[in-house]
Amino acid sequence: MFNLKNNFQLGIFSSLILSSSAFALEKPKTMDDMWKIIEAQQKQIEALQNTKSLPEEIPTKSPHSEVKTLERKTDILSQEVEKLRTNLAIPEDPKYKSMYGMGPAASKVYGVTKGLSIGGYGEAMYSSYVNPRGNNVTNKDSADMERAVIYLGYKFNDWIVLNNEFEFEHATTGEGSEEKGEVSVEFSQLDFLLDRKYNIRTGLMLMPMGFINEMHEPTTYHGNHRPDTERYIIPSTWREMGAGLFGEILPGVQYRMYGVTSLNAQGFSNSGIVEGRQGGSNAKAEDFAFTGRLDYSPSQIPGFLIGAATFLGNSGQKDITFDNKNYNVFTQLYEGHIQYKHRGLELRALGAWSHIADTAFLNPSLGSAGPIGKESFGTYAEAAYDIMPHLWKDSSQYLAPFFRVERYNTLAVVAKGFDNSVGLDRWIYQAGLSYKPIPNIVIKADYRNIQDRKIVPFGIPTGDEFNLGFGFIY
Amino acid sequence: MRRILLLSIFVSFNGLADSVLPNSKNLNVKAQLGQKLFFDTNLSEPAGQACSSCHNPDFAFTDSDKSQPTSKGVNPEFHGNRNAPTAMYMAHSPVFYFDRAEGIYKGGQFFDGRAATLEDQAKGPFLNPIEMGNPNAETVVEKVKVASYAEEFNAIYGSGALNDSTQAYNYIANAIAEFERSPVFNRFSSKYDFYLFGKATFTAQERRGLAVFEGKGNCVACHSNRPIKDTPPLFTDFSYDNIGVPKNAESLFYSMPSKFNPAGAKFVDLGLGGHLNIFKDDGKFKVPTLRNIALTSPYTHNGYFKELRNVVEFYNTRNIKRHCANPLTNETESLAQKCWAIPEVTQNVNFNELGNLKLSSRDIDDLVAFLETLTDGYGQNSPWYLKNEN
């Protein structure tokens, strides 16, 4: 999907010491190929590490100058060994390649030989509301450093990898008027890479739902705002505590399945399950959930991906009682997605649907934030096309107009008697432009035409908006 | 169900409440005793004034006499400095405390929090020279000893419960507080409550009003309208604020004898700051609940506002209308002159959360329509009780 030509990156030691020939790899076609490459590289490293300690390696020719250069070479070598010893491997010329469903920058740690890996992303935007009088509280034009994110990964050895994402939202968490942002651990997951087919993951993990939740780096989607379906129906960025398996079970067939802490129904509202996410922050763990995903990307059709995912679990957390009875609030979320990328053309579509039980008993405790939809759905389709090759033949830059249609409804069905007039029931038509001077940097402009069919809940801007922003990954 | 019969006997003895109070069916014995004390007009000096004189159940336990901003005392010539607030839902006010996280005071009883609990509060009015006029606790206990319900004290608090007057006064306060903690004061049966349970439908206007209440109006910043854990919405967070209410020249307190009001016309009510003697809390008053607001006029601590709509209008334009030339301009004249009189206490006025809300006239009508859904008695039983009975 992203820079398929790139090699699997191995960190500074390998790129500096290992000669190019052995690693002039063709693009790995499947996870299988990738594993073979990793294994081969691993062997090479071991071999090299053994030879490095041998002093005879240093040639002993006499002229003065040669000794000088030799001394310099040994210096460099020992510096590199020192770096290796301190396990610090910050790739100076990293290649970005999405791994195990993670974003390209988030995948960097899988590429290092050993030790620390640093990466990150950020996005900032200016939003202008076309109808500022729609709501004088929310419809204020704004300029926001929405996210600045640091990935800090640590590869303990060739099969145990720790990956962390620390996120700073809205630039500050100061006091008083500065108290707008938040800092959170977006994920902190430990991977045990055992076998191509079966690997173990545990920690604070991203739910494997939809396109955005696991891969939300700004260069990977169009438009400044993430699609609403993947904000309100699939509540990105959604992470929970848990453990599970992932891998490539058949060529081209990837899966992830986890057991995780479930949602907390008391956070549900008429704009969806978003505030029910627990995010590993003193999470209630009375109820657990299962989440699983299957993706198929056949090698015969490069650029094609089809998949589906689900989240199933009680979210009452033993807190929803009524007339002495406990209600489980069984929550089901299903999602299907399809994507095709071919010669600058990018097509994407996604559909999601949820069903929540016992909402009649849950709603009163939500107060006027409720009711929660017994059923909700969201769907969108988008197309983009990189026109740069037509404008400027040999450019490696990227310029893609895109168009997206979105339809979602957080209150498709509510329990009998409850008010379904306040919620997010929208058609969104969005058009814009994504420009990448280099693959790591994107400048985005888009216009969203939003058509509401219900009263919009407090705190959510209404009416059309124009957004201009940039994003980067590193 | 036998109890109804019994209760109506209890209630009719004082003649004030001739019908059974809503939600008074299954009161515990302490609360039943508290009810008798609450309505007993013999407990003042001279007799004639009960708690219920200023806290009338037909008006959500506020004063039924709407003609004056503050209530008549035991001597009808006398008037206190503050408007009698509803005694309903006050059982949910936490014990007065300093919230370290937020750096502000919260909870307690009275507009200035000077009583920490309902028990502390109940001991106040009996001895207040304006309100019920007893010189000391013994006088009150002596009156209770000769009341028809005196025997019940022995049954509930042990024989000889009224012998020691200090202890007896505590029991009196406890019984009253127990009554105030009962469902009679905590009805949670407004249209809004039924709406939250899907058992009432809001009109389009009420729905819009709710949206203004939470949105543009920002009323929820202080009058929180959502349940917290198992507690239904209370429409107050029990914090203190100075919303900038002007001085109320119509209050008869200014002309009270100097024994009661040494400052005369210059009297300024400092609220929380006056009680704590802390400058930065001057002018702050406890956020009142908005439940039953349609019944509880006049409004705010000094009864400056007679009309609910005008309170909302004040929130909307306090910062943007000019100051009236005369700081003693009353509510109706201010509206006519398109100005607002300056706040009674100009320090610590909240400019961040209110004063310029940009509400349209329709928004205000909608908001008032929503506030009118907060009156108890829309349905017989609170939808919350079914939920909480366990």
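Participant: Give a detailed account of the overall build of chain A, specifying residues and quantitative values.
Facilitator: Counting its secondary structure elements, chain A contains seven helices and 18 strands. Pairs at least 24 apart in sequence give 65% of the contacts found in chain A among residues at least 6 apart. By element, 58% of the accessible surface of chain A is carried by carbon and sulfur atoms, the whole surface being about 21,200 Å².

Participant: Quick rundown of unusual backbone geometry? Include the residues and the values.
Facilitator: Residues and elements named next belong to chain B. Omega for the peptide link from Glu45 to Pro46 comes to -10°, which places this bond in the cis form. With respect to the helices and strands, Pro46 occurs in the loop between helix 2 (29-39) and helix 3 (51-54). Cis peptide bonds are those with omega within 30 degrees of zero, and the linkage from Ser297 to Pro298 qualifies with -5°. As for its position among the elements, Pro298 is in the loop between strand 4 (285-286) and helix 11 (308-317). Even without being a glycine, Phe238 presents a positive backbone phi close to 60°. Along the chain, Phe238 falls in the loop between helix 9 (204-214) and strand 3 (240-241). Positioned with a positive phi, Asn292 is a non-glycine residue whose angle comes to about 65°. Inspection of the secondary structure puts Asn292 in the loop between strand 4 and helix 11.

Participant: Give a detailed account of the pattern of salt bridges, specifying residues and quantitative values.
Facilitator: All told, the structure shown has 41 salt bridges over all chains when counted by the stated rule. The residue Arg404(A) makes a salt bridge to Glu382(A) at a minimum N-O spacing of 2.7 Å. Residue Arg404(A) is located in strand 15 (residues 398-413), and its partner Glu382(A) is located in strand 14 (residues 375-385); the two are separated by 22 residues in the primary sequence. Residue Arg404(A) is classed as buried on the basis of its relative accessible area, which comes to 1%. The closest approach of N and O atoms between Lys306(B) and Glu250(B), which form a salt bridge, is 3.0 Å. Of the two residues, Lys306(B) sits in the loop between strand 4 and helix 11 while Glu250(B) sits in the loop between strand 3 and helix 10 (272-276), which places them 56 residues apart along the sequence. For Lys306(B), a relative accessible area of 39% translates into the label partly exposed.

Participant: Break down the state of the cysteines for me, citing the residues and quoting the values.
Facilitator: Residues and elements named next belong to chain B. One pass over the full model with this rule turns up one disulfide over all chains. With its sulfur 2.1 Å from that of its partner, Cys324 forms a disulfide with Cys339. Taking the sign of the S-S torsion, about 95° here, the bridge from Cys324 to Cys339 comes out right-handed. Residue Cys324 is located in the loop between strand 5 (322-323) and helix 12 (331-337), and its partner Cys339 is located in strand 6 (residues 339-340); the two are separated by 15 residues in the primary sequence. Neither residue differs from the other here; Cys324 and Cys339 are each classed as buried. Considering cysteine sulfurs only, Cys51 is the nearest to Cys54, which forms no disulfide, with 8.8 Å between them.

Participant: Provide a residue-level description of the domain arrangement of chain B, including the pertinent values.
Facilitator: Residues and elements named next belong to chain B. Split into domains, chain B comes out as domain 1 (9-107 + 117-180) and domain 2 (191-389). Listed by partner, the interface residues are 31 residues for domain 1 and 39 residues for domain 2. Of the roughly 2,800 Å² buried between domain 1 and domain 2 on both sides combined, carbon and sulfur atoms contribute 63%. Along the contact surface separating domain 1 from domain 2 lie one salt bridge. Of the charged contacts in the structure, one is a salt bridge between Asp269 and Arg82, with a shortest N-O distance of 2.8 Å. Inspection of the domain 1/domain 2 interface yields nine residue pairs in polar contact (both at pLDDT 80 or more). Grouping the constituent residues of the side of domain 1 that touches domain 2 by class yields 13 nonpolar, 13 polar and five charged.

Participant: Can you lay out the side chain of Asp191(A) for me, pointing to particular residues and giving the numbers?
Facilitator: Residues and elements named next belong to chain A. Counting through the fold element by element, Asp191 comes out in strand 4 (residues 182-192). With a relative accessible area of 0%, Asp191 lands in the buried category. Only 2.5 Å separates the side chain of Asp191 from the side chain of Tyr110, close enough to count as a polar contact. Reaching out from Asp191, the side chain makes a polar contact with the side chain of Arg201 at a distance of 2.8 Å.

Participant: Tell me about the nonpolar core, residues and numbers included.
Facilitator: Counting residues in hydrophobic clusters, the biggest one holds 116 residues, and the most contacted among them are Phe268(A), Leu37(B), Phe153(B) and Ile172(B). Residues in contact with Phe268(A), not counting those within four places in the same chain, are Leu263(A), Ile273(A), Gly276(A), Ser315(A), Val329(A), Thr331(A), Ile356(A), Leu362(A), Leu366(A) and Ile372(A). Counting 18 residues, the second largest nonpolar core, distinct from the first, contains Ala106(A), Val112(A), Phe187(A) and Leu193(A).

Participant: Which residues make up the environment of Tyr296(A), and what values go with them?
Facilitator: Considering the arrangement of structural elements, one finds Tyr296(A) in strand 8 (residues 288-296). Leaving out residues up to four positions away in the same chain, Tyr296(A) has contacts with Pro251(A), Gly252(A), Val253(A), Phe304(A), Leu305(A) and Ile306(A).

Participant: Provide a residue-level description of a nonpolar patch on the surface, including the pertinent values.
Facilitator: All names here are of chain A. Together, Trp159, Leu194, Tyr198, Ile200, Leu245, Met257 and Phe290 make up an exposed nonpolar region whose accessible area comes to about 630 Å². Within the element layout of this structure, Ile200 appears in strand 5 (residues 199-206). The exposure class of Ile200 is partly exposed, given its relative accessible area of 34%.

Participant: Residue-level account of the interface of chain B and chain A, with values.
Facilitator: Every contact between the two is made by 20 residues of chain B and, on the other side, 22 residues of chain A. The partner of Arg207(B) in a salt bridge is Asp419(A), with the nearest N and O atoms 3.3 Å apart. Our count for the chain B to chain A interface comes out at seven residue pairs in polar contact (both at pLDDT 80 or more). Contributions of two or more residues to the side of chain B that touches chain A are made by helix 8 (191-196), helix 9 and helix 14 (383-388) of chain B.

Participant: Can you tell me about the confidence of the model for chain B, naming the residues and giving the values?
Facilitator: Of the residues in chain B, 94% reach a pLDDT of 70 or more, and the chain-wide mean stands at 92. Two numbers describe this predicted complex: its pTM, 0.82, and its ipTM, 0.78.

Participant: Give a description of the pairing of strand 8 of chain A that names residues and reports values.
Facilitator: Residue and element names in this part refer to chain A. Strand direction decides the pairing type here: strand 7 (residues 253-261) and strand 8, joined by nine bridges, are antiparallel. Bridging across to strand 8, Gln254 finds its partner in Asp295. Where strand 8 meets strand 9 (residues 304-314), eight bridges bridge the pair, whose relative direction is antiparallel. Opposite Thr291, over in strand 9, you have Phe311 as the bridge partner.

Participant: Give me the side chain of Ser354(A): which residues, what numbers.
Facilitator: Its place among the elements puts Ser354(A) in strand 13 (residues 345-356). Ser354(A) has contacts with Gln332(A), Leu333(A), Lys374(A), Glu375(A) and Ser376(A), leaving out every residue within four places of it along the chain.

Participant: An account of helix 11 of chain B is requested, with residue identities and associated values reported.
Facilitator: Residues and elements named next belong to chain B. Burial within helix 11 is extensive, with eight of its ten residues counted as buried. Burial in helix 11 covers these residues: Leu308, Asn310, Val311, Val312, Glu313, Phe314, Asn316 and Thr317. Buried residues along helix 11 sit against helix 12, strand 6 and helix 13 (361-371).

Participant: Would you mind going over the packing of helix 5 (residues 137-145) of chain B against helix 7 (residues 165-180) of chain B in detail, with residue names and values included?
Facilitator: Residue and element names in this part refer to chain B. Where helix 5 contacts helix 7, the two axes come as close as 9 Å, and the packing angle between them is 70°. For the element pair helix 5 / helix 7, the angle class is roughly perpendicular. Handedness of the crossing formed by helix 5 with helix 7: left-handed. Residues Ala137, Glu138, Val140, Val141 and Val144 of helix 5 form the contact with helix 7, whose own contacting residues are Ser165, Ala168, Tyr169 and Ile172. A class-by-class count of the residues in the contact of helix 5 with helix 7 yields seven nonpolar, one polar and one charged.

Participant: Describe the environment of His342(A), listing the residues and the values that go with them.
Facilitator: Residues and elements named next belong to chain A. Inspection of the secondary structure puts His342 in strand 12 (residues 330-342). By relative accessible area, His342 is classed as partly exposed at 38%. As a C-alpha pair, His342 and Leu162 span 180 residues in sequence and 34 Å in three-dimensional space.

Participant: With reference to specific residues and values, describe the packing of aromatic side chains.
Facilitator: Aromatic ring pairs: the centre-centre distance and the angle between the two ring planes describe each pair. Here the structure, examined in full by the defined rule, presents 47 aromatic pairs over all chains. Positioned above the aromatic ring of Tyr398(A) is the side chain of Lys436(A), whose terminal nitrogen or guanidinium carbon lies 4.7 Å from the ring centre. Arg291(B) extends its terminal NZ or CZ atom over the ring of Tyr89(B), reaching a point 5.2 Å from the ring centre.

Participant: Account for the environment of Thr172(A), with residues named and values stated.
Facilitator: All names here are of chain A. Here Thr172 is to be found in the loop between strand 3 (160-169) and strand 4. The class for Thr172 is partly exposed, based on a relative accessible area of 27%. Counting along the chain gives 155 residues from Thr172 to Tyr327, while the straight-line C-alpha distance between them is 39 Å.

Rules of the game
- Residues numbered from 1 in each chain as written.
- Chains lettered and ligands numbered in written order.
- Predicted model: local features only at pLDDT ≥ 70, side-chain atom pairs only at ≥ 80, totals over all residues.
- Heavy atoms only, no water.
- Helix = DSSP H or I, 4+ residues; strand = E, 2+ residues; numbered from the N terminus.
- Contact = heavy atoms within 4.5 Å.
- Areas by Shrake-Rupley, 256 points an atom, 1.4 Å probe, with all protein chains shown as cover.
- Salt bridge = Lys/Arg side-chain N within 4 Å of Asp/Glu carboxyl O.
- Buried < 20%, exposed > 50% of the residue type's maximum accessible area, 1.4 Å probe, protein only.
- Disulfide = S-S within 2.5 Å.
- Domains from an automatic or database assignment.
- Buried area = accessible area lost by both parts, 1.4 Å probe.
- Polar contact = N/O pair within 3.5 Å; in protein donor to acceptor, adjacent residues only side chain to side chain.
- Nonpolar A, V, L, I, M, F, W, Y, C, P; charged D, E, K, R; others polar.
- Core = buried A, V, L, I, M, F, W, Y, C linked by side-chain atoms within 4.5 Å.
- Patch = residues over 30% accessible without salt bridge, like charges linked within 9 Å, V, L, I, M, F, W, Y side chains within 5 Å.
- pLDDT = per-residue confidence, 0-100.
- Pairing = 2+ DSSP bridges.
- Axes fitted to C-alpha atoms, helices over the stretch in contact; angles between N-to-C directions.
- Parallel < 35°, antiparallel > 145°, perpendicular 65-115°, else oblique.
- Left-handed = near helix turned anticlockwise from the far one by under 90°.
- Phe/Tyr/Trp six-rings, centres within 6.5 Å; stacked < 30°, edge-to-face > 60°.
- Lys NZ or Arg CZ within 6 Å of the ring centre and 35° of its normal.

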